[in-house]
Amino acid sequence: MIDIKDIYKTFGDNDVLKGISATFQTGKNNLIIGGSGSGKTTLLKCIVGLHDPTKGEVFFEQDNFTQMDFTQRVPIRTQIGMLFQNSALFDSMTVEENIMFPLNLFTDQTKAEKLDRANFCLERVNLKDKNKLYPSELSGGMKKRVGIARAISMQPKYLFVDEPNSGLDPKTSILIDELIAELTVEYNMTTVIVTHDMNSVMGIGDHIIFLHQGKKNWEGSNKEIAHTDNQELNDFVFASKFMQAAKEKL
Amino acid sequence: MFQSLGRYILLLQLSFRKPEKFSVYWREVMVEMVSVGIGSLGIISIISLFIGAATTIQVAFQLSSPLVPRSIAGSISRDSNILEFSPTISSLVLAGRVGSSFASQIGTMRVTEQIDALEIMGVNAPGYLISPKIIAGITMVPMLVIISIMLGITGGYIACFVTGAISPADYIMGVNDGFDGLTIRVALVKATVFGFLIASICSYQGFYTSGGALEVGQSATKGVVFSCVWILFADLMITSLML
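Residues numbered from 1 in each chain as written. Chains lettered and ligands numbered in written order. Predicted model: local features only at pLDDT ≥ 70, side-chain atom pairs only at ≥ 80, totals over all residues.

As recorded in an unreviewed UniProt entry, chain B goes by ABC transporter permease and comes from Mucilaginibacter glaciei.

The name an unreviewed UniProt entry assigns to chain A is ATP-binding cassette domain-containing protein, from the organism Mucilaginibacter glaciei.

Put into structure tokens, the structure is as follows:
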């Protein structure tokens, strides 16, 4: 479980986050949604410690992550997996080396054990036999899957995903969403996904937080989102004619 | 300026934190050493041979008086190569070749979130990315400078053969005459300091890149320009302090 309490983040004169509090439950897909510039990615970066919040606290279980220094954070960070918007695979390493990288640094496994784990993770994301390819030789969807394989290589307790569907076709997007949802249950992870993809929201949104102008504007599940009378949320979710038609059928 | 200096010092501090796993860092050090050392050998060899040859011809031309022994051209060419041309010119060239590569490599990792990925994993990103480059810089640049000195003196010898500016025998006599070991020590101190400056300044510029491809290019340019300026400043300081 991850608890965030009254998170503020300011860049210069720009107040990006204005007092956001939420609880992300274990074993669930927690989605942070909102329009461009609403503060989704900044909130995610505050949670994982890439940004320090101007005010507020982040708790991983009972541990106050915000007050820890770099060394104190390492044990928690080894339990974190993250999939970045552009996958952020290491260009100079093969697929296999990318997945084995955290294992090389933080475990005492033998090379054979690490290789087994890398193969297992690749098989889990349906990328068997791609071990020796470099990131530049992969498609966007394959890069995302390698990113997921790397994120789960250490069997994390927490999975953070930034815009998993950006740049992907609808079919691949659904595959990635389903994979993340399956892994969340399989590893009993606390998964936090930043997205503005409505397919993801309706498909895997167990718990959804809607950000609007840096504030938490709405919280609920994908079952509740279609029936909300929140104006800003409705404007965001049902902006397209396709979604409006889908809402009328509900 | 003071803010940049402070950030640079803090980054260096972070770079030399205890590694998460020594073996992984050692592998990176070896990779960087090969990249800096072997990768730069060709260009350093070419410029050293030509500068050594040109220096010898010019010195011989300027000392054409019958009152000055011809062999003195060999001594002056040797000392010029050891004290100035090999360490300084080589390092300026290395700032362009190696420094721009360091800055653009780290800068690209920054803008493509690869550095964020390292930090999320719990890796000390400055340590993993910068310390191997600094170690490679302070070990390989002195080695390249030693090779450069040897090739510079060889270049002078070849110039004597080809142009006949002075006889090869006079040149060899001059090279052997009045050799002071201090000049080699000065050259090695300069090379070590220059290697550190190239690696640390260019890595710093790359590490704090923000934006996209344009900014990566700007960081590489800034890294090369700043390291060249600091190399010349350090050259003056070391020369005045040690000679």
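(A) Summary view of the overall build of chain A. In terms of regular secondary structure, chain A is built from 10 helices and 10 strands. The C-alpha atoms of chain A give a radius of gyration of 18 Å, which matches the 18 Å a tight globule of 250 residues would have. When its C-alpha atoms are laid out on the principal axes, chain A stretches across 55 × 45 × 30 Å. Taking all contacts inside chain A whose residues are at least 6 apart in sequence as the whole, residues at least 24 apart take part in 65%. (Helix = DSSP H or I, 4+ residues; strand = E, 2+ residues; numbered from the N terminus. Rg over C-alpha atoms; globule rule 2.2 N^0.38 Å. Contact = placed C-beta atoms within 7 Å.)

(B) The sheet that holds strand 1 (residues 2-11) of chain A, seen in detail. Residues and elements named next belong to chain A. Spatially, the four strands line up as an open sheet ordered 2-1-4-5, and their pairing is antiparallel. Every other strand in the sheet has two partners, leaving strand 2 (14-24) and strand 5 (63-64) as the edge strands with one partner each. Where strand 1 and strand 4 (residues 55-60) come together, five bridges link them in antiparallel fashion. Looking across to strand 4, one finds that lysine 5 is bridged to glutamate 57. On top of the sheet, helix 1 (residues 40-48) reaches strand 1, strand 2 and strand 4; it is set at about 120° to strand 1, its chief contact. (Pairing = 2+ DSSP bridges. Axes fitted to C-alpha atoms, helices over the stretch in contact; angles between N-to-C directions.)

(C) Just the environment of leucine 67 of chain B, in detail. All names here are of chain B. Its location among the elements puts leucine 67 in the loop between helix 2 (22-62) and helix 3 (72-111). Judged by the 5 C-beta atoms lying within 10 Å of it, leucine 67 is exposed. Separated by 84 residues in sequence, leucine 67 and leucine 151 have C-alpha atoms that sit 30 Å apart. (Buried ≥ 20, exposed ≤ 12 C-beta atoms within 10 Å, placed from the backbone.)

(D) How the structure looks around the packing of helix 8 (residues 181-207) of chain B against helix 9 (residues 213-242) of chain B. Residue and element names in this part refer to chain B. Put simply, helix 8 and helix 9 touch, their axes get as near as 9 Å, and they point 155° apart. On the basis of the axis angle, helix 8 is roughly antiparallel to helix 9. Along this stretch, helix 8 crosses helix 9, giving a crossing that reads as right-handed. In this structure, helix 8 contributes Val186, Val189, Lys190, Val193, Phe194, Leu197, Ile198, Ile201, Cys202, Gln205 and Gly206 to the contact, and helix 9 contributes Ser219, Lys222, Gly223, Phe226, Ser227, Trp230, Ile231, Ala234, Asp235, Ile238 and Met242. Broken down by class, the residue content of the contact of helix 8 with helix 9 amounts to 14 nonpolar, five polar and three charged. (Parallel < 35°, antiparallel > 145°, perpendicular 65-115°, else oblique. Left-handed = near helix turned anticlockwise from the far one by under 90°. Nonpolar A, V, L, I, M, F, W, Y, C, P; charged D, E, K, R; others polar.)

(E) Representation of the interface of chain B and chain A in the model. Counting residues at the interface gives 13 residues for chain B, matched by 16 residues for chain A. Broken down by element, the residue count for the side of chain B that touches chain A peaks at six residues, all from helix 4 (residues 114-121) of chain B. Here the residues of the side of chain B that touches chain A sort into five nonpolar, three polar and five charged.

(F) The UniProt feature "transmembrane region" (unreviewed entry) in chain B, seen in detail. Residue and element names in this part refer to chain B. Those places that UniProt annotates as "transmembrane region" (unreviewed entry) correspond, in this numbering, to residues 33-61, 143-166, 186-208 and 220-242. In this annotation, residues 33-61 is assigned 100% helix and 0% strand; the end-to-end C-alpha distance for the span is 40 Å. Between the first and last C-alpha atoms of residues 220-242 the distance is 32 Å; the span itself is 100% helix and 0% strand. (UniProt positions renumbered as here; feature names shortened; annotations may be inferred.)

(G) Representation of the confidence of the model for chain A in the model. Summarising the model, chain A shows a mean pLDDT of 91, and 99% of its residues fall at 70 or more. Averaged over each element, pLDDT in chain A is lowest for helix 10 (residues 241-249) of chain A (71) and highest for strand 4 of chain A (96). (pLDDT = per-residue confidence, 0-100.)

(H) Just the UniProt feature "domain: ABC transporter" (unreviewed entry) in chain A, in detail. According to UniProt, the "domain: ABC transporter" (unreviewed entry) feature falls on residues 2-238 of chain A. For residues 2-238 of chain A, the helix share is 38%, the strand share is 26%, and the end-to-end C-alpha distance is 29 Å.

(I) Spotlight on the confidence of the model for chain B. All names here are of chain B. Confidence along chain B averages 95 in pLDDT terms, with 100% of residues attaining 70 or more. Between the elements of chain B, mean pLDDT differs from a low of 93, seen in helix 1 (residues 2-15), to a high of 97, seen in helix 8. Here the prediction assigns the complex a pTM of 0.90, and the interface score ipTM is 0.90.

(J) Quick peek at the pairing of strand 3 (residues 29-34) of chain A. All names here are of chain A. When you tally the buried positions in strand 3, you get six out of six residues, the bulk of the element. On strand 3, burial covers both faces: Asn29, Leu31 and Ile33 on one face and Asn30, Ile32 and Gly34 on the other are all buried. Relative to strand 8 (residues 190-195), strand 3 is paired through five bridges, and the arrangement is parallel. Each bridged residue has a counterpart across the sheet, and for isoleucine 33 the counterpart in strand 8 is threonine 195. Where strand 3 meets strand 9 (residues 207-212), five bridges bridge the pair, whose relative direction is parallel.

(K) Structural context of unusual backbone geometry. Backbone geometry places aspartate 6 of chain A, a non-glycine residue, at a positive phi of 55°. As for its placement among the helices and strands, aspartate 6 of chain A is situated in strand 1.

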